[in-house]
Amino acid sequence: DVEPFLDDNEDIAPKIMDRLRGIMANQDTKCCLKLELAAVIDVGKHFVTATYDLEGDSGLSLSCYQRMQAVCNACKVDIAQMHFSNLHAVASHTAALHPEMTAAWAEDYGRQAVRGAVHWFLQKFNVQFYHTMRAFKAARLMCPATVQTLGATPADVEQLRAFPFLDSDGVINNLAEELPLYLATAEGTRFAEGDLKALSDQKVKWWRDHASALPHWSQAVKMVLLVQPSSAAAERVFSLLNAAFGDQQEHALRDYLECTVMLQYNSREND
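Given the structure is predicted, the values throughout are model-derived calculations rather than measurements.

### A few points about the overall build of the protein chain
Here's step 1: When you go through the protein chain residue by residue, the secondary structure sums to 14 helices and zero strands.
Here's step 2: When the helices and strands of the protein chain are read in sequence order from the N terminus, they spell out α-α-α-α-α-α-α-α-α-α-α-α-α-α.
Here's step 3: Within the protein chain, the proportion of its 271 residues that are buried is 35%.
Here's step 4: Pairs at least 24 apart in sequence give 67% of the contacts found in the protein chain among residues at least 6 apart.

### As for the pattern of salt bridges
Here's step 1: All chains considered together, the criterion is met by eight salt bridges.
Here's step 2: Between Arg161 and Asp167 there is a salt bridge; the shortest N-O distance is 2.9 Å.
Here's step 3: Assessed through its relative accessible area of 45%, Asp167 is described here as partly exposed.
Here's step 4: The partner of Lys197 in a salt bridge is Asp201, with the nearest N and O atoms 3.0 Å apart. With Lys197 and Asp201 both in helix H11 (residues 196-209) and four residues apart, this pair spans about one turn of that helix.
Here's step 5: A single network of salt bridges, built from pairs that share partners, joins Glu158, Arg161, Asp167 and Asp169.

### Some thoughts on the packing of helix H10 (residues 169-186) against helix H12 (residues 215-225)
Here's step 1: Two elements in contact, H10 and H12, have axes whose closest approach is 8 Å; the angle formed by their N-to-C orientations is 110 degrees. Comparing the axis directions of H10 and H12 gives the class roughly perpendicular. Residues Asn174, Leu175, Glu178, Leu179 and Tyr182 of H10 form the contact with H12, whose participating residues are Pro215, His216, Trp217 and Ala220.
Here's step 2: Among the residues forming the contact of H10 with H12, the class breakdown is six nonpolar, two polar and one charged.

### Some thoughts on a negative patch on the surface
Here's step 1: Taken together, the side chains of Asp7, Asp8, Glu10 and Asp11 present a region of like negative charge at the surface.
Here's step 2: Residue position: Asp11 is located in the loop between helix H1 (2-8) and helix H2 (14-25).
Here's step 3: By relative accessible area, which is 68% here, Asp11 ends up exposed.

Rules and cut-offs
- Residues numbered from 1 in each chain as written.
- Predicted model: local features only at pLDDT ≥ 70, side-chain atom pairs only at ≥ 80, totals over all residues.
- Heavy atoms only, no water.
- Helix = DSSP H or I, 4+ residues; strand = E, 2+ residues; numbered from the N terminus.
- Buried < 20%, exposed > 50% of the residue type's maximum accessible area, 1.4 Å probe, protein only.
- Contact = heavy atoms within 4.5 Å.
- Salt bridge = Lys/Arg side-chain N within 4 Å of Asp/Glu carboxyl O.
- Axes fitted to C-alpha atoms, helices over the stretch in contact; angles between N-to-C directions.
- Parallel < 35°, antiparallel > 145°, perpendicular 65-115°, else oblique.
- Nonpolar A, V, L, I, M, F, W, Y, C, P; charged D, E, K, R; others polar.
- Patch = residues over 30% accessible without salt bridge, like charges linked within 9 Å, V, L, I, M, F, W, Y side chains within 5 Å.
- Areas by Shrake-Rupley, 256 points an atom, 1.4 Å probe, with all protein chains shown as cover.
- Lys, Arg positive; Asp, Glu negative; His and termini not counted.
- Charge placed at Lys NZ, Arg CZ, Asp CG, Glu CD.

Listed below in structure tokens is the structure:
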């Protein structure tokens, strides 16, 4: 598929096209490119699906840590332990066409091609974004189903101090005192399997239904739900604003802007 694309798009990035033609003209470099692309697909699928999941508008903060941890688990530190289904198939096919190249060598070549990217992500996740992920990890306590699995104790509630707006003795003490009632209310709660948005919506509905019974926890949950794992939701608001208002409406009043955006967003969500 690459070569027909190159033939049909000769005017796009001439220097890059020339480089690609050189790669495709040489059988050795062509095989290496196929192995590299197969490895990128195997690793990239975890990042692509997680990105789509975490760019929604729902209460993703309660599920963010599990989703990111799943990507981290897929990108194990020892790259030899990672599962590369596409790379394995391409390596086997390559070895069959080129007897001088073993399938084991071809597969190892593909793994090494993505080693740097995998280590970069693990460094980001485990070091640079450690405090951010610690907050999302603490947010698991606000999932009525997960809090039972974790067997949360008042000491665990201290983890919620990772959110600056909850880092108060008064807030933490109130949550710890209300924890037994929360655990009793959440007992037996299970959510239907589905995509991350549907799952998040079920959790939000649960808290809406039990807000009066758990005032301190529900208030904390409301604030944590505002913490989104990506800027996609905020960017969509700006897109709605740009689509609804032109240069002649730059001085429109705030309540008019807010009402218009809310009407457009809610209308889109209900379609």
